[in-house]
Structures are given as C-alpha cells and as structure tokens.
Number of protein chains: 4
Amino acid sequence: MKPESTGLRRQLYEIIFEADTPAGRRFDILLIGCILASVVVVMLDSVHEIAAEYYSLLHFAEWVFTAIFTVEYLLRLYSIQKPWRYATSFFGVVDLLAILPTFIALLLPGAQFLLVIRILRVLRVFRVLKLAQHLSEAQVLAKALKASQRKIQVFIAGVLSLVVILGSLMYLIEGEAGGFTSIPRSMYWAIVTLTTVGYGDISPKTPWGQALASVVMILGYAIIAVPTGIVSAELSQATLRGRPPVDQRACPGCGVEGHGSEAKFCQRCGTAL
Amino acid sequence: MKPESTGLRRQLYEIIFEADTPAGRRFDILLIGCILASVVVVMLDSVHEIAAEYYSLLHFAEWVFTAIFTVEYLLRLYSIQKPWRYATSFFGVVDLLAILPTFIALLLPGAQFLLVIRILRVLRVFRVLKLAQHLSEAQVLAKALKASQRKIQVFIAGVLSLVVILGSLMYLIEGEAGGFTSIPRSMYWAIVTLTTVGYGDISPKTPWGQALASVVMILGYAIIAVPTGIVSAELSQATLRGRPPVDQRACPGCGVEGHGSEAKFCQRCGTAL
Amino acid sequence: MKPESTGLRRQLYEIIFEADTPAGRRFDILLIGCILASVVVVMLDSVHEIAAEYYSLLHFAEWVFTAIFTVEYLLRLYSIQKPWRYATSFFGVVDLLAILPTFIALLLPGAQFLLVIRILRVLRVFRVLKLAQHLSEAQVLAKALKASQRKIQVFIAGVLSLVVILGSLMYLIEGEAGGFTSIPRSMYWAIVTLTTVGYGDISPKTPWGQALASVVMILGYAIIAVPTGIVSAELSQATLRGRPPVDQRACPGCGVEGHGSEAKFCQRCGTAL
Amino acid sequence: MKPESTGLRRQLYEIIFEADTPAGRRFDILLIGCILASVVVVMLDSVHEIAAEYYSLLHFAEWVFTAIFTVEYLLRLYSIQKPWRYATSFFGVVDLLAILPTFIALLLPGAQFLLVIRILRVLRVFRVLKLAQHLSEAQVLAKALKASQRKIQVFIAGVLSLVVILGSLMYLIEGEAGGFTSIPRSMYWAIVTLTTVGYGDISPKTPWGQALASVVMILGYAIIAVPTGIVSAELSQATLRGRPPVDQRACPGCGVEGHGSEAKFCQRCGTAL
C-alpha cells in the first residue's frame, strides 16, 4: 500500500530521495557537485598562502554551502514520512554532521575543518550514476569482510599483544639513547615496524636493538600474510557464490536503501515500498 | 569418574578455572580488569613525566597488583588436582612470569618492565566472553599456519641466506661512506629493505649501491608474495573443510582447555572431565 | 580476401608490421635495439656529469634516433591500408609520442626527457621473441584485472574518502609543529602511511598524533589485504578457466594484433586478415 | 648395476655424498658446523672493533676453514665418478666459490668478504636432518614459482616500464631541489616508492611532486596485489595436486639429488643409481 501524502511532500521526496526521475537525478548530480566543491573549499582554507589571500571568498563560500546543506537537510526531514528514523540512519547522521561544524566554529575556531566529513556524502554517487553493479560489488566485498571479521578480531588481538611485548623489550634493550623514551613510544615503533611502514623517526642504534628489530621485521613479513590470506579465502568463496541482485528503491519511510528486489516492506521501519 | 575433592577446593576450582557459573564469570572479568590495569600501570611507569609526578602511587599500585596475582596463583595451585601439571602448562608459566619481575626488580632495577608479559593473560578473555566462535576461528587460523609451517621454514631459510649474501655484497659496494660499516649492519639493512620496512637510517649513496638496492627491492616485492600465497592457499582449504566444534570445559586436573566436545578425559593429564 | 597492394607497399608492410619473415624479424630486433639505446641516451643526458662531458655526442645521438623513428613512422603510415586507423591506435599514438618531444624541445627546453615514453614501444618485444605464451599470460592477467576492476574502483573510492578524513583529523591533532601544515599535505601523509610506504619526511610528534597514526597503520594493514584478495580470487578463477589461444597476425588495415585464431576479419577496422 | 669402484673411493663417496650411513651423517653435521662457523668468522672480520682486536685469530681461522674446505673439495672430485659433471653442477660451483676468495684476497684485499657465499652450502642441511618433508615442500614452492614464472616476467617488464616513465615525470616536476638530480636517480626513487619500501632519502617537496607521488603509491598498492595473486593462485593448485614423493639418493656419478623414487638412472648424467 502506497503511503498517502500531500502532492508537494511526495514530489519533494521523489526529487530528494529517488534517482529514477530526471528531476531526482539532476538534483543528485547538483548535490554531489556542491559536496565536492565544499570539501575543496575546506581544504584550500587550510593552506596558509591561499587562506591569507582569499580569506573572505572562502569564508563566504563555506557559509553558502552550509546554507544549502541546511535547507536540504530540513527538506529531507520534511518530505520523509518518519523523520526520526531518517535522522538516526547512517546517512541521516552524516547529513547532520556535514552542517554542524560551521556553526560550532563560531564558538570553537578550527572546528570548520571537520567539515571534510562531507566527503562521506559523496558515497551516494554510486546511486546517482546508476552503478548498481558497483553496489553489488561493494556488497560482495562487505560480505567477505564480515565473514572474516572474527578471524581478523583474533588476529588484531594477537598483534596488539605482540606490540606490547615487543615494544617493552625494545625499551629495555635500547633505552633513551635510541629514542625509545617510554613503553608507549616503543609500542608506536613496534607498530610502525610490524606494519612495514618504517618512518625511521625512531630506529634502533645498538647491535642488539637492530637484531631484535630484524626479528620483528621478519615477523611482520610473516604476519602480513595472515589478513591477506583471510580476505583472499573469503573473497574466493564469495566470488564463487555469485553476486546478489541489488534494488535501488529508497524507503519512503526512512530513506534507507539496499532492499532485495522482492522486498515489499522496508527492513528498517516496515513502510511499504 | 569425578574426582572427589573437599567442598572448598572444588568450589575454588570452579570459581577460578571455570567460566560457566556466575561466580566464575565475575571472577574472570574482575581478573581481566586487574590485568589490563596493571599493564597500564607498568606503561605509565616508563613515561618520565608521569613517573616523576606519581612515583609512589604507581609503585604502590604495582605491589598491590602483584600481591593479588600472587594470591591468585597460589589459590590456583591449591585448588587444582595436579598442581605441577598446571604450573608447567602454557598459562601456568605465564601466570608465574606475571608476578616474578616485581620481586626481581628489588635486586635488578628495570626488571619491572617485564611485567608487560601479563598482557598474555588477557588472552583468557576469549573464554570469559563465551566467544567460543572466536576460539574456533583462532583454531582455523592456527591450523592453517601449522599446515604451512614447513613451507614457511624453507622460505625463511632461503630469505636468511639471501640476506647474508646481499648484505655482504652491499658492504663491498658501498663501504663505510654510506653507513654500511660492517657485514652484520649491512645484513640489518638487507632485512629492512627486503621486508619493505625501509627506515632510511642506512641507505645507499653511490649509483651502484642504488642499483643493487633496486634489485633487492624488486626481489622483496616478488618474495613477499610467497608467504601470503602459502597462507592463502592453506586458509582456503581450512575454510572449505569447515570449523570444528569447540568445547569450553577446563580440565580439573591441570586446567588445560580446548578438548573436543566428545572428550571424556583430559588430553594432557588423563583426568576425567 | 587479401587486400591487393603494390609490391613495395606490401613488402614494406610485411617487414615493418609482421614478425614471421626473416626480414621482419631482423627489422624488429634492430628497432628494439634502437629504442633501448635511445632511452639510455635520454637517461644519460639527464646526469649532469655525463651531459657536461659528452654534450654534443648525446645531442647528436638523440637527433639520429629521432630521424630513424620519424622515417619509420612515415613508412608505417605509407605501407598500411588505413593510416588513420593505425595513427589512432595505442601503438600508433606511442610511435608518434616517441618522436615529437625532440622537436618540441627546440622551443621548450627540457621536453626531450619526455622521450622516455619510447620505452613503451619495447612492449612489442613480446611479438618479436615469438613469446606467444607470454602474450597469453598477459591476457590472463589483464582479464583478471578487468574482472576485478569494479571492486577495485569501489575500494579506491573508499580509500580516498578515508584519506580525506584521516588527513583532516591529523591536521587538527598535530598542526604546524609536526609538519602537517595544511589538509592536502596531511592527506599526502595519510597516503604515505596507509600504503605502508612511510618516507618519514612528515611524521607525528605528539602522543595523540602517534596514537592516531598507529590506528591508521593497523588500518592500512587490514586494507592492503583487500586488493590482494580481490586479484587472488579472480586470478584463481582465470587460471582454472585455462588460457585462450593467441594469434600473432597483425591486421594489414590498421596494424592491431591479438585476434582470436579463428578470426577472419580485424576486430577494429574490419579488414580481412 | 652398481658402479665398480675401489673400496676407498667408494667409502669416501658414501661418507661425503650420502647421509644414510652414520659416518656420512656425522661428516655432514661436522661440515655444516664448519660452514656456519666460517661465515661467522667472515662477518666478525668486517666489524672494525672486533677485527682490530682479534685480527690474527680471525685471519688464522679463515685459513684453517679454507684449508678444510679445499681438502673436502678435492676429496669430492676424487671420490665421484664423473668429476667434471659434479664441478659444473650447482653445488659444485658453490663449493669452489667457497674457497676461491681467500686465495684471491692475497692479491685483491677485500675479496675475502665474498666468502659469505659459503652460506649457500648450508642448504645441504635439509638432507642431513632427513627433512625429506621440507624438501618436498620446497619442491611445491619451486613448482608454483616456476608455473607463475611467465606471468611474473610480464609483470616485471610492465613495472620496469612504469618505473622509467614515472621516474622521468618526477624528474621533470621536482628537479634538482627535491633531490631528483637525474633520471636514473628518479627511477631509483620510483622503485623505492612503488615497492612501498620508502626510505625517505629522496622525497618530493613540491605540491605537484607530492600529488604525483600519491598516485604512484596508490598504484604500488594496486600493483603489489598482482604477484601475490599470481603466486596464491598457483600455490592453491599445487597444494590441491598434492606433494610428490622425494628420494634422497645422491647420484654416484655427479652428486646431484632429487630423483623420483622410481628413477633408476641419474637425470643429469645417466649413471645408474
């Protein structure tokens, strides 16, 4: 049963939440343009030379984008049937976080850089471009990652224990001289080394320290094989099982997407689709 | 046949070793809280600014935790049927190592930092949280690693030979100037490079040295594929074979866990479960 | 139906485009020698000490090679039936790019270093050496990469969003002191860290910055598993499916290769093979 | 048909080449001890502080070991039926290289460090320890690597082309200031970055350079997945196919090992086993 709604609300809903109609599509493309532009503005604002010269322009652009996104957010709340459900969904929270920092920055300078969270809104792009295929690929990825979640938790717990022990050993062996001034700092070194990042800001100077570091690196070499192996194995299986069909309808109740193609009601709030 | 034991010993055993009863569970959670807190104390103790200000407090906390763990260790020995078996099992040794360093530190300052070994005791957490699933995942991981053990040994032997030869070559090519002051130090460089850690504390300066380094890096690139491939292949098979059911009973004789669900006697000491 | 062409044009075509006749093979080997030599000349030209001493020699060699390649390009255009098709194909564009920079360098000094693009011409080597096997292997690789293309796009989009957010966070936490002078620069750091390259030119100095960096590194560790898993899974399947037979005939119309062994007409321009 | 040989030669052969008899085993273990000790001596010789103090001792040990290995090499040549075949086999060449540098060092100081090549002789350890299992694992590894050889060749060719082009681009963008003083040096940087080693001895300073470097790193991220995927896929298949039985007999003709268990004649020289 279709929800009865006033013509305007219903029309707004279709433009803002759906991407099937020409108007809805144009709206989404415009929105993504605004999002990308606003993220670029935030970035430029953080570069001294540019901020010094174009201060007022950037400031103005930031407020314009915030105004646009605020209006859009209010329209979303107005046009949807269950505003609270939308506001507490993933994209609802992101949409709010995308406007809050500008206002917070009035009290707390620097907060405006948090606006980069807006980039998350761009993930809607997959819907606009009708990239259903991409969505289903993302689902295969997400499924494989979820299936290997527990193995990865066990793995991370093991790695962290190793980091604590190796970091402490290194602290005892190298001490102050090599830059290992405390156990937490040595643990930072252990993570930098085990993950093969290797900044080199802290590195062992004594022969014994270098010997232990060599063992840590060989260990890291062996360890890096584990998560890769886990994900490979799960992905192999997920790929074999094939891809699930993806439906692009947004729930008129709460705006959530990703229902199966036979679904008649929203998984999250029960509204008829 | 159930072992006959005095009521107190039996009760203590159930609280300390089992996690099925409410009392046993509360004990385990409290214990893990103590362990994490004591590891944090050891870490803070190694940070100069904090140690200077809160010296006596940290010192006091360390002794309190050691006292708690000592009492716990003695109770474990008392309540179990075969104390020696427990004392020589993996967790028995860890439990002892978790209290020794505090006493050793009276004679040998600095030894208290070895207390971080306590972190290993936290691995019991998997039992407390009834994460049987996690345990079985850990077993799949362990199994795959064990199955690929020999391949990895051959691989490590090959890598070490390569490290000796590449390190010596680099020592001859670069010499003192580039920081390659001895063969062991050049071997350290070779490990840093082959594992793609790349600190940059030692790096070739001459064109020939950089040419050899380039070859070493491409080699490391190819080599890193091998352990990953080994673990992936084994994990694929282990995942296909499915997960074995896991039993959570601890042996009343020696405290070892991980018996199959149909096991009637402990694998390690033969006590009836 | 074979295209009728004058004897000379046909003969030139067979020498320049085919590698089946002895003359064609000799031509290709000579050509690859010239290409490699010319790339080495460009490289040497960029080394100050060498360029200072042998300036006129290198300059002369560069013009000789450019002359050779220009003549060759014109002959290719002349001998083929559909010159425009060839000129707009991949190798046609590369062949043009391999001669243009020398002329551009007359107006714009420095442009001659773009001549290294010539190295792409060497990819023809696989045809000369009759490495049909290598070609089919390359096709398996390309196929697997193409099959995993969408998953990799989703993955890259996710990584880039992460880079924007982590870079901004780090900019707020570390600020100027640690070298994180702007958000773009912090994003550069985030990429250096996530990919486990770890130059160390920018690295966190404050405890909170190091804590966040540790999280980023562990994340990078988990993330690196994903593309590997994707490619492994696809390659496993591609390997199982077996290798397609590869045909070495070049199209007499546009010079494109890689047709199936039963193909009678060129896939690109429809000329009979 | 067993080869007829004088008692002494035959006995020497069994002691030196075989590991089945108690005498043969004791010989092999002693030999490996000597090899490891002599490699350690070479390493210590390269450490200034140690070499200064124990110069004559190390020098003496080096000559003793060289004498032992020379005698052993001559005995090997004497006891085997086809000395030339042995001398040109892999281990024959290694055995010779293990003694030559000491003599060369009389004329050319520094050559003695090449003695570390002796480490390769230790690979015989697998035979001594009766690690037939390890040998068969090594064969599975070698087989998988061989099966993926062509794919890896194509891959390395592609990576090298990329390195030439990216290095030249970076040379044009960054120039002298950032340390990119020539194309070969920029190529070195490109390899350091693509392989995710990241020393940081050369790193881009300009925004455009950092942007290109970011692209290179993301590329390296994607590229590293390829060799891993190749080896994983081949190893998966090799593991499925099972392990071939391994035979430990050395050929009395040329000393080569690794024949199938049903082999009656040596693969290399045709002598009856």
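Residues numbered from 1 in each chain as written. Chains lettered and ligands numbered in written order. Predicted model: local features only at pLDDT ≥ 70, side-chain atom pairs only at ≥ 80, totals over all residues. Heavy atoms only, no water.

A.B. asks: Where do I start with the overall build of chain A in this structure?
C.D. replies: Counting its regular elements, chain A contains 12 helices and 0 strands. Helices (α) and strands (β) of chain A occur, in sequence order from the N terminus, as α-α-α-α-α-α-α-α-α-α-α-α. Across the 273 residues that make up chain A, the buried fraction comes to 54%. Counting contacts in chain A only where the partners sit at least 6 residues apart, residues at least 24 apart contribute 60% of the total. (Helix = DSSP H or I, 4+ residues; strand = E, 2+ residues; numbered from the N terminus. Buried < 20%, exposed > 50% of the residue type's maximum accessible area, 1.4 Å probe, protein only. Contact = heavy atoms within 4.5 Å.)

A.B. asks: For this particular structure, what's the right way to read the interface of chain D and chain B?
C.D. replies: Facing 47 residues of chain D, the contacting portion of chain B comprises 43 residues. Surface buried jointly by chain D and chain B totals about 3900 Å² across both partners, of which 72% is contributed by carbon and sulfur atoms. On inspection of chain D and its partner chain B, the count reaches 0 salt bridges. Elements with a minimum of two residues in the side of chain D that touches chain B: α2 (22–46), α9 (132–147), α10 (149–174), α11 (183–194) and α12 (207–241) of chain D. The dominant element in the side of chain D that touches chain B, judged by the number of residues it contributes, is α12(D), at 11 residues. In terms of residue class, the side of chain D that touches chain B is built from 30 nonpolar, 13 polar and 4 charged. (Buried area = accessible area lost by both parts, 1.4 Å probe. Salt bridge = Lys/Arg side-chain N within 4 Å of Asp/Glu carboxyl O. Nonpolar A, V, L, I, M, F, W, Y, C, P; charged D, E, K, R; others polar.)

A.B. asks: Can you help me understand the side chain of D:E72 in this one?
C.D. replies: Checked against the element boundaries, D:E72 lands in helix α4 (residues 55–79). Among the polar contacts listed, one links the side chain of D:E72 to the side chain of D:R76, at a separation of 2.6 Å. (Polar contact = N/O pair within 3.5 Å; in protein donor to acceptor, adjacent residues only side chain to side chain.)

A.B. asks: Even after reading the chapter, I still don't get unusual backbone geometry, so can you show me in this structure?
C.D. replies: Look at A:T196: it is not a glycine, yet its phi comes out positive at around 60 degrees. The buried category is assigned to A:T196, whose relative accessible area is 3%.

A.B. asks: How do you make sense of the confidence of the model for chain A when you look at a structure like this?
C.D. replies: Should the pLDDT be low somewhere, the predicted coordinates at that spot are not to be read in detail. All names here are of chain A. Averaged over all residues, the pLDDT of chain A equals 78, while 78% of them reach at least 70. Averaged pLDDT values over the elements of chain A bottom out at 57 in helix α8 (residues 125–128) and peak at 91 in helix α11 (residues 183–194). The low-confidence segment residues 243–247 (pLDDT under 50) makes 16 contacts with residues lying over four places distant or belonging to another chain. Listed scores for the predicted complex are pTM 0.80 and ipTM 0.78. (pLDDT = per-residue confidence, 0-100.)

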